[in-house]
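# Observations on the three-dimensional arrangement
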Amino acid sequence: MDKSMIKGVVIGSIAMVAISASGVTGYKMLNQPKSAEVLAVEEIKEKIKTPHKDCQDIQVQRRAPVQDEHRIAGTVIGGILGGVVGNQIGRGKGNTLATVAGAAAGGYAGNTVQKGMQDRDTVSAIEHRCRTVYETSDKLVGYDVTYRLDGKEGRVRLDHAPGKTIPTKDGQLLLESPTAAN
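An account of the accompanying structure is given in this report. Since we're looking at a predicted model, the values are computed, not measured.

Topologically, Q118 is positioned in helix α3 (residues 93-120). Engagement of the side chain of Q118 in a polar contact is seen with the backbone oxygen of D68, the distance being 3.0 Å. If we ignore the near neighbours within four places in the chain, the residues touching Q118 are R63, V66, D68 and R71.

Printed below as a string of structure tokens:
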């Protein structure tokens, strides 16, 4: 055997080893699954509270404004009427005492009557009242996906619904969101 033949055998052997190794790798790459089978999809939702105003016009009753805060009119009118009634009762010095007592009692009664009338005197008004109300809704935030790839089950969270399969490349899941067609 000459040197060129030995060189050829060595180079050929090296080439065969390289080709067979890449052939195994190529075979493995050809046998890699192109997608993972989706076994289950569970929607993940989050509760969202949205505030908004709820306003209504409501009829309310209020005490009417008081003209005579100290109830002078009731006291005076009651005093006069009480004095007149007291004057009718007594004679002589008893008459004077009955008139004064009647005026005092009448003044107190008139004051009390006017207070009761003022407390019951109301006016109606319409008020615009608002309150904050919260509406609760569900927001879809993602999907928990159970899949099978190469005979093994796995679980992954996606931001989009996967369909029946998840594409793979080099034995790994491709998890990007699908782009919208223009």
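By the element assignment, E127 lies in strand β2 (residues 122-149). Among residues more than four places away in sequence, those in contact with E127 are Q56, D57, I58, V60 and R62.

Moving on to the nonpolar core. In this structure, A36, V38, Y143, V145, Y147, L149, V156, L158, I166 and L173 together form the largest nonpolar core, which totals 10 residues. When residues of this core are traced back to their parent elements, those giving at least two are β1 (35-63), β2 and β3 (152-158). The element best represented in this core is β2, accounting for four residues. Discounting chain neighbours no more than four positions away, the residues touching I166 are K34, S35, A36, V38, V145, Y147, L158, L173, L174 and L175.

Trans is the common state for peptide bonds, and a negative phi is the common state for residues other than glycine. We note that R71 has phi near 55 degrees; this positive angle belongs to a residue other than glycine. Looking at the element boundaries, R71 is found in the loop between β1 and α2 (72-89).

The rules we used
Residues numbered from 1 in each chain as written. Predicted model: local features only at pLDDT ≥ 70, side-chain atom pairs only at ≥ 80, totals over all residues. Heavy atoms only, no water. Helix = DSSP H or I, 4+ residues; strand = E, 2+ residues; numbered from the N terminus. Polar contact = N/O pair within 3.5 Å; in protein donor to acceptor, adjacent residues only side chain to side chain. Contact = heavy atoms within 4.5 Å. Core = buried A, V, L, I, M, F, W, Y, C linked by side-chain atoms within 4.5 Å. Buried < 20%, exposed > 50% of the residue type's maximum accessible area, 1.4 Å probe, protein only.

Take it as geometry only, folks, not as evidence of what the structure does.
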